[in-house]
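Reading the structure
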Amino acid sequence: MSALAPRRRTRRVSYGGIFVGGGAPITIQSMTTAPTADAGRATREIRSLARAGCELVRVAVKDGADLAALPAVAARSPIPVIADVHFDYRLAVGAARAGAAGLRINPGNIGSDDRVRRVVDAAAAASIPIRIGVNAGSLERDLRALGRSDPARALFESARRARILVEGMGFRDLVFSLKSADPLATVEANRMFAAENDCPLHVGVTEAGPALSGAAKSAVALAMLLSEGVGDTVRVSLSGNPVREVTVAAAVLSALGLRPDIPRIVSCPTCGRSWIDVARLAERLEREIMGTRSGVTIAVMGCEVNGPGEARDADIGIAGSRGGAVLFRRGKIIKRLGGDFAPEFLREVRNLMREKKK
Ligand code: SF4
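Bear in mind the structure is a predicted one, so any value in this text is a computation, not a measurement.

Another point: the overall build of the chain. A count of helices and strands for the chain gives twelve helices and 15 strands. Taking 21 Å as the expected radius of gyration for a compact globule of 358 residues, we find that the chain reaches 22 Å, a close match to that expectation. Summarising its shape, the C-alpha atoms of the chain cover approximately 70 × 40 × 35 Å along the three principal directions. Scored against the burial criterion, the 358 residues of the chain give a buried share of 54%.

Moving on: the domain arrangement of the chain. When the domains of the chain are assigned, the result is domain 1 (13–255) and domain 2 (264–357). Relative to domain 2, the C-alpha centre of domain 1 lies at a distance of 36 Å. Listed as interface residues are nine residues of domain 1 and, on the opposing side, five residues of domain 2. The junction of domain 1 with domain 2 conceals about 490 Å² of combined surface from both sides, 51% of it contributed by carbon and sulfur atoms. Joining domain 1 to domain 2, the criterion identifies one salt bridge. Here domain 1 and domain 2 share two residue pairs in polar contact (both at pLDDT 80 or more) between them. Listing elements by their share of the side of domain 1 that touches domain 2, those giving two or more residues are helix 1 (39–52) and helix 9 (243–255). In terms of residue count, the dominant contributor to the side of domain 1 that touches domain 2 is helix 9 (four residues). Among the residues forming the side of domain 1 that touches domain 2, the class breakdown is four nonpolar, three polar and two charged.

Before going further, it helps to spend a moment on the sheet that holds strand 7 (residues 130–135). Ordered in space as 8-7-6-5-4-3-10-9, the eight strands form an open sheet in which the pairing is parallel. Each edge of the open sheet carries a strand with a single partner, namely strand 8 (174–179) and strand 9 (202–203). Relative to strand 6 (residues 102–105), strand 5 (residues 81–84) runs parallel, the two sharing three bridges. Counterpart to A83 in the pairing with strand 6 is L103. Sitting on the sheet, helix 1 touches strand 3 (27–31), strand 4 (56–60) and strand 5, and the angle it makes with strand 4 is about 155 degrees. With respect to the sheet, helix 7 (residues 183–196) is in contact with strand 8 and strand 9, its orientation differing from that of strand 8 by roughly 145 degrees.

It is worth spelling out the environment of R347 at this point. Within the fold, R347 resides in helix 12 (residues 342–357). With relative accessibility at 49%, the residue R347 sits in the partly exposed group. Each C-alpha atom of the pair R347 and C54 lies 24 Å from the other, and the pair is 293 residues apart in sequence.

Attention now moves to the site of the ligand. If you check the shell around the ligand, you find C268, T270, C271, R273, S274, G302, C303, N306 and E310 and nothing else. In the shell around the ligand, the residues fall into three nonpolar, four polar and two charged.

Let's shift gears to the packing of helix 7 against helix 8 (residues 211–227). One way to put it is that helix 7 packs onto helix 8 with a least axis distance of 9 Å and a crossing angle of 25 degrees. Of the possible angle classes, the one that applies to helix 7 and helix 8 is roughly parallel. Seen along the crossing, helix 7 lies across helix 8 with a hand that is right-handed. For the pair helix 7 and helix 8, the contacting residues are P183, L184, V187, N190 and R191 in the first and K217, A221, M224 and L225 in the second.

Calculation rules
- Residues numbered from 1 in each chain as written.
- Predicted model: local features only at pLDDT ≥ 70, side-chain atom pairs only at ≥ 80, totals over all residues.
- Heavy atoms only, no water.
- Helix = DSSP H or I, 4+ residues; strand = E, 2+ residues; numbered from the N terminus.
- Rg over C-alpha atoms; globule rule 2.2 N^0.38 Å.
- Buried < 20%, exposed > 50% of the residue type's maximum accessible area, 1.4 Å probe, protein only.
- Domains from an automatic or database assignment.
- Contact = heavy atoms within 4.5 Å.
- Buried area = accessible area lost by both parts, 1.4 Å probe.
- Salt bridge = Lys/Arg side-chain N within 4 Å of Asp/Glu carboxyl O.
- Polar contact = N/O pair within 3.5 Å; in protein donor to acceptor, adjacent residues only side chain to side chain.
- Nonpolar A, V, L, I, M, F, W, Y, C, P; charged D, E, K, R; others polar.
- Pairing = 2+ DSSP bridges.
- Axes fitted to C-alpha atoms, helices over the stretch in contact; angles between N-to-C directions.
- Near = heavy atom within 4 Å.
- Parallel < 35°, antiparallel > 145°, perpendicular 65-115°, else oblique.
- Left-handed = near helix turned anticlockwise from the far one by under 90°.

Written out as structure tokens, the structure is:
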């Protein structure tokens, strides 16, 4: 029996051919940190995110300069680009016309119902979805008191209102997110929202914090929701380089068995028996392999005493030994590698990934 509940049934939307909801694989998304107006930098950042395994990317469209650069960024991006717009509905309308694969707006700051309607009309004309992203820090004025006493309920009420408003306009290509910096409030708000409609959910903890504590907070909320079947696309928000967000999100989905195509890296913590620099090799693998969809399990172990045995389920692995390392597959030693063995090991890993693809 699976430790996870069946996934919640949701409607399906398409971001330029990448589906969210309706049983599609749970996608990983992130957001650029470069100003979109700097199209060169934004594009380079998107390419690194895509190499790390990011499947949808959001860019900030905060003014006319960002909007002017959006067509170039969207055209050069290897993955669908979603325009993130706050305050000015005209930028959202412009982004829909400029080639964005989707829009993200916040009902707390986009303005009157009429302005929302203009955005909805533009998205409908471009056949793109809208994510309505509700954040605890930017609730509508009349929900702020509730936000202090019952943050989950306030997030839910805000999302519910926006859903009723936009669905009342005849628009159904909606994704919702309900986020707080508090993982448990985030979980509770998403549970309430998931129980009352079939809109796909983008799940994550907002402003989770610096890399390590932020990753832990995000993993807590994501694991709780995803194990209940709630969540169709994920974002891990961390201060700093967004490539790490993608790696953390991939590790969470892989750990829950929700994306068997994402590689798994097993590495030991090392101890006084270790012969090799496990951390360096494991981190190199993480950088080079986690973004692939090869579904391999790779082990990096410090010594041959426990190495192969501890990684019996790995497709391929390495264990340090005096003067080098041993290479093993499925817990059986295949050969000995000497000297600087990292390049040869990486070649073996790539060969295995190619074999698996065939
Ligand atoms: S595999 Fe070897 S080096 Fe790594 S923790 Fe176990 S005993 Fe220590």
